[in-house]
Structures are given as C-alpha cells and as structure tokens.
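Coordinate inspection notes
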Amino acid sequence: QVQLVESGGGLVQPGGSLTLSCAASGSMFNIYAMGWYRQAPGKQRELVARIFSDDSTYYINSVKGRFTISRDNAKNTMYLQMNSLKPEDTGVYSCNAHQFTSPFKDYWGSGTLVSVSS
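Report follows, based on the coordinates. One numbering rule holds for all chains: residues counted from 1, following each sequence as written. Two thresholds apply to this predicted model, a pLDDT of at least 70 for residue-level local features and 80 or more for giving and counting side-chain atom pairs, whereas whole-chain, interface and lining totals are computed over all residues. Each side-chain value is worked out from all heavy atoms of the structure, with water and hydrogens disregarded.

Points about the overall build of the protein
Note the following rule: Under the DSSP-based scheme used, a helix requires at least four consecutive residues in state H or I and a strand at least two consecutive residues in state E, with every element numbered from the N terminus. Note on method: radius of gyration uses C-alpha positions; expected globular size equals 2.2 Å times residues raised to 0.38. Accessibility here uses a 1.4 Å probe with only protein chains present; expressed as a share of the type maximum, an area under 20% marks a residue as buried, one over 50% as exposed, and anything in between as partly exposed. The contact criterion used is simple: two residues touch if any of their non-hydrogen atoms lie within 4.5 Å. Each accessible area value is a Shrake-Rupley result obtained with a 1.4 Å probe; residue values ignore everything except the protein chains displayed when judging cover. Only four residue types enter the charge count, namely Lys and Arg as positive and Asp and Glu as negative; His and the chain termini do not. Working definition for charges: the position is that of NZ of Lys, CZ of Arg, CG of Asp or CD of Glu.
Looking only at helices and strands, the protein has zero helices and 11 strands in total. On C-alpha atoms alone, the protein measures out to a radius of gyration of 14 Å, which is about the 13 Å that the 2.2 N^0.38 rule sets for 118 residues. Principal axes of the C-alpha set define a box for the protein whose edges measure 45 × 25 × 25 Å. Residues classed as buried in the protein amount to 40% of the 118 residues present. Put simply, of all contacts in the protein between residues at least 6 apart along the chain, 52% involve residues at least 24 apart. Counting only carbon and sulfur atoms, one obtains 50% of the accessible surface of the protein, whose full area is about 6400 Å². Distance between charge centroids for the protein: 3 Å, based on 10 positive and 8 negative side chains.

Listed below in structure tokens is the structure:
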C-alpha cells in the first residue's frame, strides 16, 4: 500500500513559478513510474509529466521547456518544478504512482490546487 500527499500549490501570477511536492509513504516496491496529472474544472484529467524507474521522463508538449519532473529517492519524494506558468496551467494537480504488480495498481494523492491568474 502506498500513500501519496501533495503540497506546494497556490495562487501565482502568469509567468511565475511553483514547485509541487509529492511525498510517498508505505511500500514503494515495484513502483514502475510516478507522475503528475492535472484536471481543470469541466475537463478530463490529463497526464502532465511522468518519471520512470530508469529516470526517463515524459512531458506533454504544452509544458516542455517549462516544467521539470524529478525525484529524491532517499526522501521518497517527487517534485514538479513549474516555470513560466500560464493561465491554462490552472487545475488540481495530483500525484500518481503506478505499481507493476499482478494486478497493476495505481495510487493517487488527493491533489493540490494551482491557480494562475493576475
């Protein structure tokens, strides 16, 4: 069982920066990937960035060059550094962990709100 807790959200002006954190507890055995999703009101949740166990990463095109996903294995914490924020980045950002087990398991945090407006 894995528990995920996000922090770092808030209100920021366009062009500003925020860093989100996802603290994981419980067994991280066979965690294949961790990622950040976001969901704006009335829209479907979308994958923003993902980091795999081999440290490879994925970003949606709209955040490439602006967001950086990373992890600190010693702290069991994942981060999303967000720069040059735009109003369209607004949403609830949730931490996800995918466990390579039988059956596969996905764990979710409760989310942290990022609001980008002036």
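Some remarks on unusual backbone geometry
Cis geometry is adopted by the peptide bond preceding Pro103, which originates at Ser102 and carries an omega value of -5°. By secondary structure assignment, the location of Pro103 is in the loop between strand S9 (91-99) and strand S10 (105-108). Of note, Asn30 is a non-glycine position whose phi angle comes to about 60°, a positive value. Summarising the element assignment, Asn30 is placed in the loop between strand S3 (18-26) and strand S4 (31-39). With a relative accessible area of 35%, Asn30 lands in the partly exposed category. One non-glycine residue with positive phi stands out, namely Asn76, at about 50°. On the secondary structure map, Asn76 appears in the loop between strand S7 (67-72) and strand S8 (77-82). With a relative accessible area of 34%, Asn76 lands in the partly exposed category.

Observations regarding the nonpolar core
Put simply, the test is: The nonpolar core is taken to be a set of buried Ala, Val, Leu, Ile, Met, Phe, Trp, Tyr and Cys residues, with the residues joined through side-chain atoms within 4.5 Å.
Counting residues in hydrophobic clusters, the biggest one holds 28 residues, and the most contacted among them are Leu4, Met34, Trp36, Phe67, Leu80, Met82 and Tyr93. Contributions of two or more residues to this core are made by strand S1 (2-7), S3, S4, strand S5 (46-52), S7, S8, S9 and strand S11 (112-116). No other element matches the four residues that S3 contributes to this core.

Here's the deal with the pattern of salt bridges
Stated precisely, the cut-off is as follows: Any Lys or Arg side-chain nitrogen found within 4 Å of a carboxyl oxygen on Asp or Glu counts as a salt bridge.
Evaluation of the coordinates by the stated rule reveals four salt bridges. The salt bridge partner of Asp55 is Arg71, with a shortest N-O separation of 2.5 Å. In this pair, Asp55 is assigned in the loop between S5 and strand S6 (57-59) and Arg71 in strand S7, connecting sequence segments 16 residues apart. Assessed through its relative accessible area of 23%, Arg71 is described here as partly exposed. Across the pair Asp89 and Arg66 runs a salt bridge whose closest N-O atoms are separated by 2.8 Å. One end of the pair, Asp89, is in the loop between S8 and S9; the other, Arg66, is in the loop between S6 and S7, and 23 residues separate them in sequence.

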